[in-house]
Amino acid sequence: MNAIILSIGDELTLGQTVDTNSAWISKELAARGCDVLGHVTVPDQQVAIAGAIASAVGNCDCLIVSGGLGPTADDLTRQALADVLNEPLEINHEWLTEMQRFFRQRGRPMPEANQIQAMIPRGATMLWNTCGTAAGIAAIGKGHSIRKPDAAAPLSFGAASRGHAGTVIFVVPGVPKEMKAMLTRDVFPDVEKRAGGAAILSRTLHTFGLGESSVAEMLGSLMNRDRNPSVGTTVSGGIVSLRLNSRFGSPALALEKLNETDAACRSKLGDLIFGADDQTLAAVVAELLTKSGGAIPTVTTAESCTGGLLAKMLTDIPGSSRYFREGFVTYANESKQRLLGVPAEMIEKFGAVSEPVAQAMAAGARRAANAVYALGITGIAGPDGGSEAKPVGMVCIALASEEGEAVRTFNFPGDREWIRDRSAKMALTMLRYKLLAKPLPF
Ligand code: AMP
Ligand code: MG
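With respect to the packing of helix 7 (residues 212-219) against helix 8 (residues 251-269)
Thinking step 1. Relative orientation of the contacting elements helix 7 and helix 8 amounts to 110 degrees, with a least axis distance of 9 Å. As far as their axial angle goes, helix 8 and helix 7 are roughly perpendicular. The way helix 7 lies across helix 8 gives a crossing that is right-handed. Of helix 8, the residues touching helix 7 (which contributes Val215, Met218 and Leu219) are Cys265, Lys268 and Leu269.
Thinking step 2. Its residues assigned to classes, the contact of helix 7 with helix 8 comprises 5 nonpolar, no polar and 1 charged.

Dropping the structure here:
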């Protein structure tokens, strides 16, 4: 079972409105075992809409169209659909009566223009709109009987999708609230039935510290494109995520195969995978800190270039007061000396961005806060302040514990925001590996 999603509107193709409808519809379809072959967006032009419908018909089981059902001259979806089906538009009296009642209730005459909202192609089915005046439409499009408008360039959805005798077409309003209500009430139950119990289950596994290509190399054949469950990678905020999608005939089988692939990914990447789905690095660190059952170890921070971002990430987690009492933002050299006891001579000798200073910051914070763990960060976030020996992006991060101060120097790419973000995440990662009692794997 597969679908194509077609969104209609000048505001979408001009980039003034983000197409949130397609994203929502895709997720809902996947949850019902229906794969999405593609998203198409066209402007409010009848020939473009008809072309997109004609191209999809015969190439998918189900076409869901949203937008262009309003009462004005720029709403042309029903006309385009009638064109493709080669059927005239006819008044649907049930919906016309409902619209007249709607306006009567509000004490207003129904504008002539609204009449079009009760028109659907002959032979099609009207879909009830529970929160607006535009009726939806359900119809069957036959791949072989369509009349393709000359001006429309055919879209291609690949050979895999070809060979359908008929495509069920659902047309719904573009207004997200109306679209969601109509699809949920009248379309999704039908889709679910057509999917015949098939399931698409997904899981995302997150890694931090290695680049996308290194992660891909470690995964090897698990990333083969013809594999089911499929494994793909995406990157956001320095976090390389593995996207697992499992498509099978039943939810139980899809889950079993998804778990198998999850385990296979973990056996390749080990602890590099820090969490799944909505889990953040800070949440995982919080779990490690609090799960031991004994006294919860306390954590403090001594930050220079990150300006408190690490403390922010740690305290983003509800209940973080159990392990985080205070952090230090020591931007100036004088502050590093006064608040953390970093020796002036050390800063003079090695520079404020150096491993000894990062270590002294962590050790000083640990002492001052009487904490079990302390993270010290000093680096060059840029855009200025870099040199050949210490370029922008060079960041020293130290982790102080009762065993002393471990320290690493990193060279993060990107702009100021990136460097600060990656620094704070790397500090969390260092603490995470410490709590796992394992060395950093990179
Ligand atoms: P329409 O049904 O074409 O009259 O659309 C009505 C309104 O719904 C538009 O003005 C947009 O603000 C919104 N809308 C339409 N299509 C989408 C879409 N694909 N994603 C998000 N909003 C949309
Ligand atoms: Mg519109």
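Let's pick the thread back up.
Concerning the pattern of salt bridges
Thinking step 1. Enumeration according to the criterion identifies 15 salt bridges in this entry.
Thinking step 2. Its salt-bridge partner being Asp271, residue Lys438 comes within 2.6 Å of it at the nearest N-O pair. Of this pair, Lys438 sits in the segment after helix 14 (416-435) while Asp271 sits in the loop between helix 8 and strand 12 (273-276), placing them 167 residues apart in sequence.
Thinking step 3. Look at Lys438 and you get partly exposed, because its relative accessible area is 43%.
Thinking step 4. Judged by relative accessible area, which is 26%, Asp271 ranks as partly exposed.
Thinking step 5. The salt bridge involving Asp421 is made with Arg422; its shortest N-O contact spans 2.6 Å.
Thinking step 6. Take Asp421: its relative accessible area is 16%, and that puts it in the buried class.
Thinking step 7. Ionic contacts of the salt-bridge type, sharing partners, join the residues Glu28, Arg32 and Glu192 into one network.

Some words on the sheet that holds strand 8 (residues 166-172)
Two orientations exist for strands paired in a sheet by backbone hydrogen bonds: parallel and antiparallel.
Thinking step 1. Overall, mixed pairing links the 6 strands, which are arranged 2-1-3-8-7-6 in an open sheet. Sheet topology places strand 2 (35-42) and strand 6 (125-127) at the edges, where each strand pairs with a single neighbour. Each strand of the sheet is rotated relative to its neighbour by a mean of 20 degrees, with strand direction disregarded.
Thinking step 2. Here strand 6 pairs with strand 7 (residues 136-142) via 3 bridges, running antiparallel. Within strand 7, the residue paired with Met126 across the bridge is Ile137.

Considering the packing of aromatic side chains
Thinking step 1. Following the criterion strictly, the structure yields 4 aromatic pairs and no others.
Thinking step 2. Ring geometry for Trp24 and Phe188: centres 5.8 Å apart, planes at 40 degrees, overall tilted. You can see Trp24 sitting in helix 2 (residues 20-31) and its partner Phe188 sitting in helix 6 (residues 176-195), a full 164 residues away along the chain.
Thinking step 3. Owing to a relative accessible area of 1%, Phe188 belongs among the buried residues under this scheme.
Thinking step 4. With a centroid separation of 5.4 Å and an interplanar angle of 80 degrees, the aromatic rings of Phe102 and Phe103 are classed as edge-to-face.
Thinking step 5. A relative accessible area of 24% means that Phe102 is categorised as partly exposed.
Thinking step 6. Arg106 extends its terminal NZ or CZ atom over the ring of Phe102, reaching a point 3.7 Å from the ring centre.
Thinking step 7. Its guanidinium or amino end placed over the ring of Trp418, Arg422 lies 4.4 Å from that ring's centre, counting from NZ or CZ.

Re the nonpolar core
Thinking step 1. In this structure, Leu310, Leu314, Ile397 and Leu428 are the most contacted members of the largest nonpolar core, which totals 35 residues.
Thinking step 2. Of all the secondary structure elements, the ones that give two or more residues to this core are helix 9 (281-290), helix 10 (309-315), strand 15 (373-379), strand 16 (394-401) and helix 14.
Thinking step 3. With near-sequence residues (within four places) excluded, Leu428 lies in contact with Leu281, Ala282, Val285, Leu310, Met313 and Leu314.
Thinking step 4. In terms of nonpolar packing, the next biggest core, distinct from the first, is built from 34 residues, Val65, Val84, Ala139 and Ile169 among them.

Here's the deal with the environment of Met179
Thinking step 1. With respect to the element layout, Met179 can be found in helix 6.
Thinking step 2. With 143 residues separating them in the primary sequence, Met179 and Val36 have C-alpha atoms 18 Å apart.
Thinking step 3. Setting aside residues no more than four positions away along its own chain, Met179 makes contact with Asn21, Trp24, Ile25, Ser66, Val172 and Pro173.

Regarding the site of ligand 1
Thinking step 1. The immediate surroundings of ligand 1 are formed by 15 residues, with Asp19, Thr20, Asn21, Gly68 and Gly174 found nearest.
Thinking step 2. The separation between a nitrogen atom of ligand 1 and a polar main-chain atom of Asn21 is 3.3 Å.
Thinking step 3. At the level of elements, helix 1 (10-13) and helix 2 are the ones that each hand at least two residues to the shell around ligand 1.

What counts and how
Residues numbered from 1 in each chain as written. Chains lettered and ligands numbered in written order. Predicted model: local features only at pLDDT ≥ 70, side-chain atom pairs only at ≥ 80, totals over all residues. Heavy atoms only, no water. Axes fitted to C-alpha atoms, helices over the stretch in contact; angles between N-to-C directions. Helix = DSSP H or I, 4+ residues; strand = E, 2+ residues; numbered from the N terminus. Parallel < 35°, antiparallel > 145°, perpendicular 65-115°, else oblique. Left-handed = near helix turned anticlockwise from the far one by under 90°. Contact = heavy atoms within 4.5 Å. Nonpolar A, V, L, I, M, F, W, Y, C, P; charged D, E, K, R; others polar. Salt bridge = Lys/Arg side-chain N within 4 Å of Asp/Glu carboxyl O. Buried < 20%, exposed > 50% of the residue type's maximum accessible area, 1.4 Å probe, protein only. Pairing = 2+ DSSP bridges. Phe/Tyr/Trp six-rings, centres within 6.5 Å; stacked < 30°, edge-to-face > 60°. Lys NZ or Arg CZ within 6 Å of the ring centre and 35° of its normal. Core = buried A, V, L, I, M, F, W, Y, C linked by side-chain atoms within 4.5 Å. Near = heavy atom within 4 Å. Polar contact = N/O pair within 3.5 Å; in protein donor to acceptor, adjacent residues only side chain to side chain.

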